[in-house]
Amino acid sequence: MKKIAFIGVGRMGRPIVRNLMRLGFELHVFSESLVKVYDVVGEGAKYHAEIGDCVKDCEVVMTLLGFPKDVEEVYFSRGNVMDSVKEGTYLLDMTTTSPSLAQRIFSEGSRRGFRVLDAPVSGSENAARKGKLAILVGGNFEDYKSCLPLLRAVGTHVSYMGESGKGQHAMIASQIMIAGTLAGISEALAYVKAKDLDTAKFVKAVSSSEAGSRQLDINASKIMDRDFTAGFSIRHFLKDMLIAMDESNKAALKLDVLMTIMTHYRQLEEDGQGEMGVQSLAKFYGA
């Protein structure tokens, strides 16, 4: 597996492409505009203006896109991935998308003789640069084992979660946890501010206690510095929460905390902050 097509060379995809090239993989990238991928092409990636041309001779296709509709178009529109790859090709969708769409790609791909994994990635742009993303994988176990060397070039924590769609379900559960944690941090920092405590001293004091968390480590300093630029945007986080609500409704689950936090994020998006980072939730609480 040396020849890889990569579709979705954005904030997260770009460092993944670079890491794969550094490890000796041959990267073929798709973009409607060469300008958008000029940097990685200059570093050795091969540019294609058509998805079909990008994927047709590759052993692996990796996609990392924004929304389920983007994933659906890339895989199923005429002349795109499903119509263009050869039998036996590995198809790895690394987007956080709906489990039902992951299962549809798996079903149709398997029917055509492709090897399909849902492999959504979790982590920041910085983690992507360092090759330290977490990857949650669903699909056939033998295909997962075959792709492990490739996946470990992208992430340090690669976990097989079960059959097709289970990688997406695990990712959605992870996003539910992150939403609740960010809300808790935001409320705590609002309280600290209201009671005139030293915020930096407070964060340092609790970071190694039972109140500590990865989200506190990543986002508390950003909130204190009023740095609300996006490592992961509100707009994309809302997409994940909507999928979580849809899936929870299918299972007759009542996720009140998630619903409340999603309402807050929607308000921030309506206020024109959809492209800001998820840590901007702190502004809603006055932290």
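Residues numbered from 1 in each chain as written. Predicted model: local features only at pLDDT ≥ 70, side-chain atom pairs only at ≥ 80, totals over all residues. Heavy atoms only, no water.

Colleague: Teacher, can you tell me more about the pairing of strand β6 (residues 115-118) here?
Modeller: If a strand is regular, its side chains alternate between the two faces of the sheet. In this structure, strand β5 (residues 90-93) lies alongside β6, joined through four bridges in parallel fashion. Its bridge partner being in β6, L92 is matched across the sheet by L117. At this point the chain moves from β5, through helix α6 (residues 99-111), to the parallel β6, and the crossover so formed is right-handed. (Pairing = 2+ DSSP bridges. Helix = DSSP H or I, 4+ residues; strand = E, 2+ residues; numbered from the N terminus. Right-handed = clockwise from strand over helix to strand, strands pointing away.)

Colleague: How do you make sense of the nonpolar core when you look at a structure like this?
Modeller: Nonpolar side chains in soluble globular proteins tend to end up buried together. Formed by 36 residues in total, the largest nonpolar core has its most connected members in F6, L20, L27, M62, L92, I135 and L151. For this core, the elements supplying multiple residues, two or more each, are β1 (3-7), α1 (13-22), β2 (26-30), β4 (60-63), β5, α7 (125-130), β8 (133-139) and α8 (141-151). Element by element, the count of residues in this core is highest for α8, at five residues. Excluding residues that lie within four positions of it along the chain, M62 makes contacts with I4, A5, F6, I7, L20, L92, M94, L150 and V154. Listed in part, the 21 residues of the second largest apolar core include C54, M82, L91 and I105. (Core = buried A, V, L, I, M, F, W, Y, C linked by side-chain atoms within 4.5 Å. Buried < 20%, exposed > 50% of the residue type's maximum accessible area, 1.4 Å probe, protein only. Contact = heavy atoms within 4.5 Å.)

Colleague: Help me out: how do you make sense of the packing of aromatic side chains in this one?
Modeller: For any pair of aromatic rings, the description consists of the separation of the ring centres together with the inter-plane angle of the planes. Summed over the entire model, instances satisfying the criterion amount to six aromatic pairs. Residues F232 and F237 carry aromatic rings whose centres are separated by 5.9 Å and whose planes lie at 65° to one another, so their mutual orientation is edge-to-face. Aromatic rings pair up to connect F141, Y144 and Y160 into one cluster. The ring centre of F25 lies 4.8 Å from the NZ or CZ of K2, which sits over that ring. Sitting above the plane of the F228 ring, K283 keeps its charged end 4.6 Å from the centroid. (Phe/Tyr/Trp six-rings, centres within 6.5 Å; stacked < 30°, edge-to-face > 60°. Lys NZ or Arg CZ within 6 Å of the ring centre and 35° of its normal.)

Colleague: Could you clarify how one ought to interpret the environment of T229 in this entry?
Modeller: Checked against the element boundaries, T229 lands in the loop between α11 (214-224) and α12 (234-250). Remark: the alpha-carbon pair of T229 and E275, spanning 46 residues in sequence, is separated by 8.0 Å. Beyond its immediate chain neighbours, meaning those up to four positions away, T229 contacts M276, G277 and Q279. A distance of 2.7 Å separates the side chain of T229 from the side chain of D227, its partner in a polar contact. (Polar contact = N/O pair within 3.5 Å; in protein donor to acceptor, adjacent residues only side chain to side chain.)

Colleague: Would you mind showing me how to read the packing of helix α4 (residues 68-76) against α6 here?
Modeller: When two helices pack together, their arrangement is captured by the angle between the axes and the distance separating the axes. Here α4 crosses α6 at 10°, and the two axes come no closer than 11 Å. Comparing the axis directions of α4 and α6 gives the class roughly parallel. Contacts from P68, V71, E72, Y75 and F76 in α4 reach L101, R104, I105 and E108 in α6. Broken down by class, the residue content of the contact of α4 with α6 amounts to six nonpolar, no polar and three charged. (Axes fitted to C-alpha atoms, helices over the stretch in contact; angles between N-to-C directions. Parallel < 35°, antiparallel > 145°, perpendicular 65-115°, else oblique. Nonpolar A, V, L, I, M, F, W, Y, C, P; charged D, E, K, R; others polar.)

Colleague: Is there a simple way to explain the packing of helix α9 (residues 166-194) against α11 in this structure?
Modeller: As a packed pair, α9 and α11 sit with axes 11 Å apart at the nearest point and diverge in direction by 45°. On the basis of the axis angle, α9 is oblique to α11. Pair α9 / α11 crosses with right-handed handedness. Counted together, I178, T181, L182, I185 and L189 of α9 and Q215, L216, N219 and I223 of α11 form the full contact between these two elements. (Left-handed = near helix turned anticlockwise from the far one by under 90°.)

Colleague: For this particular structure, what's the right way to read empty space enclosed by the protein?
Modeller: Think of a ball as big as a water molecule: rolled over the atoms, this probe shows where empty space is left. Counted according to the given criterion, the structure contains one cavity of 30 Å³ or more. Estimated volume of the largest cavity: approximately 30 Å³. Lining the largest cavity we find D93, A102, I105, V116, L117 and D118. Those elements that place two or more of their residues in the lining of the largest cavity are α6 and β6. It is β6 that provides the largest number of residues to the lining of the largest cavity, a total of three residues. Split by residue class, the lining of the largest cavity holds four nonpolar, no polar and two charged. (1 Å grid on protein atoms, 1.4 Å probe; cavity = no way out; pocket = protein on both sides within 12 Å on 5 of 7 lines; lining within 4 Å. Points joined across faces, edges and corners; volume = space filled by probe spheres on them.)

Colleague: Whenever I open this one, the state of the cysteines confuses me. Can you help?
Modeller: Disulfides are covalent bonds that link the sulfur atoms of two cysteine residues. As enumerated under the stated definition, the model contains zero disulfides in all. You can see C58 has no disulfide; the closest cysteine sulfur is in C54, sitting 5.9 Å from it. Its relative accessible area of 1% is what places C58 among the buried residues. Between C147, a free cysteine, and C58, which holds the nearest cysteine sulfur, the sulfur-to-sulfur gap is 14 Å. (Disulfide = S-S within 2.5 Å.)

Colleague: Would you take a moment to explain the side chain of S248 for this structure?
Modeller: If you trace the backbone, S248 turns up in helix α12. Looking at S248, the relative accessible area reads 3%, which means it is buried. Apart from the residues within four sequence positions on either side, S248 is in contact with L253 and L255.

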